[in-house]
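Per-entry structural report
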Amino acid sequence: MAYGDAMNARVRSEERRAEIVRAALEVIAERGYRGASLAAVAERVGLTQQGLLHYFPTKDALLVAVLKERDQWDAVPDSQWRLDLLASLVEYNAMRPGIVQTFSALLGESVTEEHPARAYFTDRYRRVRENMAAVLRAAYGDRLPNGLTPERTAPLLVAVMDGLQYQWLLDPETVDMPGAFRDFLRLLGEPAD
């Protein structure tokens with residue numbers, strides 16, 4: 001196979017993998033991880049289940065790819081997160097309910113023992129809490145106006161973000177997720193200049 005042909009095949013393979021991940025996101029959003037089957041994902045992209053296994057050898061491998069893809073959409077270098085960017089992320093999430101629903105469904109399912117995403121979410125939340133503590137430290141210093149340290153406040157900040165997502169998914173007409181998050185930031189107090 002010529003070099004150009006090999007490159008074209010690699011590009012087509014990556015495009016197909018991306019298409020499968022998008023389809024898996026849709027199926028998981030509709031059915032949850034446990035209810036989502038490889039056959040349903042394969043059908044959505046016009047493959048057989050065996051054809052899909054060529055790209056992702058297991059359902060767990062596909063789940064990890066879905067989670068990594070979702071995280072890439074929100075990627076900001078850790079040192080560049082700021083409170084105003086968090087508010088923008090909440091506003092952005094309000095424009096993509098399907099993705100938020102998929103993430104929330106997977107997160108909820110992952111708390112069970114032996115769930116394939118449990119380790120992923122455990123590690124992700126450890127990193128997110130560390131990043132949020134750094135964001136709070138950059139904005140407020142070693143103590144927020146309420147006297148708490150950034151490390152004590154970071155889990156609360158993450159809990160508010162996730163909790164608002166669940167409430168908004170259940171009742172989007174009543175819950176103003178971006179507005180409520182901005183209100184929470186006001187409760188933290190004014191950042192130091």
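All of these numbers come straight from a predicted model, not from anything done at the bench. Residue numbering note: each chain is counted from 1, following its sequence as written. Given that the model is predicted, a residue must reach a pLDDT of at least 70 before its local features are reported, and side-chain atom pairs must reach 80 or more before they are shown or counted; all residues, however, enter totals for whole chains, interfaces and linings. Each side-chain value is worked out from all heavy atoms of the structure, with water and hydrogens disregarded.

Next up on the list: the nonpolar core. Counting residues in hydrophobic clusters, the biggest one holds 57 residues, and the most contacted among them are Leu62, Leu86, Phe121 and Phe181. Numbering of helices and strands starts at the N terminus; helices are DSSP runs of H or I of at least 4 residues and strands are runs of E of at least 2. Sorting elements by how many residues they give to this core places helix H7 (residues 118-140) first, with ten residues. Contacts are assigned to residue pairs with any non-hydrogen atoms lying within 4.5 Å of each other. Beyond its immediate chain neighbours, meaning those up to four positions away, Phe121 contacts Leu67, Phe103, Leu106, Leu107 and Ser110. Put simply, buried Ala, Val, Leu, Ile, Met, Phe, Trp, Tyr and Cys residues joined by side-chain atoms within 4.5 Å make one nonpolar core. For every residue, the accessible area (1.4 Å probe, protein chains only) is compared with the maximum for its type, and the residue is labelled buried under 20%, exposed over 50%, or partly exposed between those bounds.

Time to look at the confidence of the model for the protein chain. The pLDDT value expresses, per residue, how confident the predictor is, ranging between 0 and 100. Here the protein chain averages 86 in pLDDT, while 90% of its residues score no lower than 70. The secondary structure element of the protein chain with the lowest average pLDDT is helix H4 (residues 59-73), at 79, and the one with the highest is helix H8 (residues 150-170), at 96.

To continue, consider the packing of aromatic side chains. Stacked, tilted and edge-to-face are the three classes applied to pairs of Phe, Tyr and Trp rings, where Trp contributes its six-membered ring and a pair requires centres within 6.5 Å; stacked means planes under 30 degrees apart, edge-to-face means over 60, and tilted covers the rest. This model, assessed by the stated rule, comprises three aromatic pairs. Plain terms: the ring middles of Tyr120 and Phe121 are 5.4 Å apart, the flat faces sit at 85° to each other, and that makes the pair edge-to-face. The exposure class assigned to Tyr120 is buried, which follows from its relative accessible area of 16%. Between Phe181 and Phe184, the ring centres sit 6.5 Å apart and the planes meet at 35°, which makes this aromatic pair tilted. Taken together, the residues span about one helical turn, with Phe181 and Phe184 both in helix H9 (residues 177-188) at a distance of three residues. Like Phe184, Phe181 is buried. Cluster of aromatic residues (ring-pair linked, three or more members): Phe103, Tyr120 and Phe121. Positioned over the ring face of Tyr125 is Arg124, at 5.7 Å from the centre of the ring. Criterion for a charge above a ring: Lys NZ or Arg CZ within 6 Å of the ring centre, and within 35 degrees of the ring normal.

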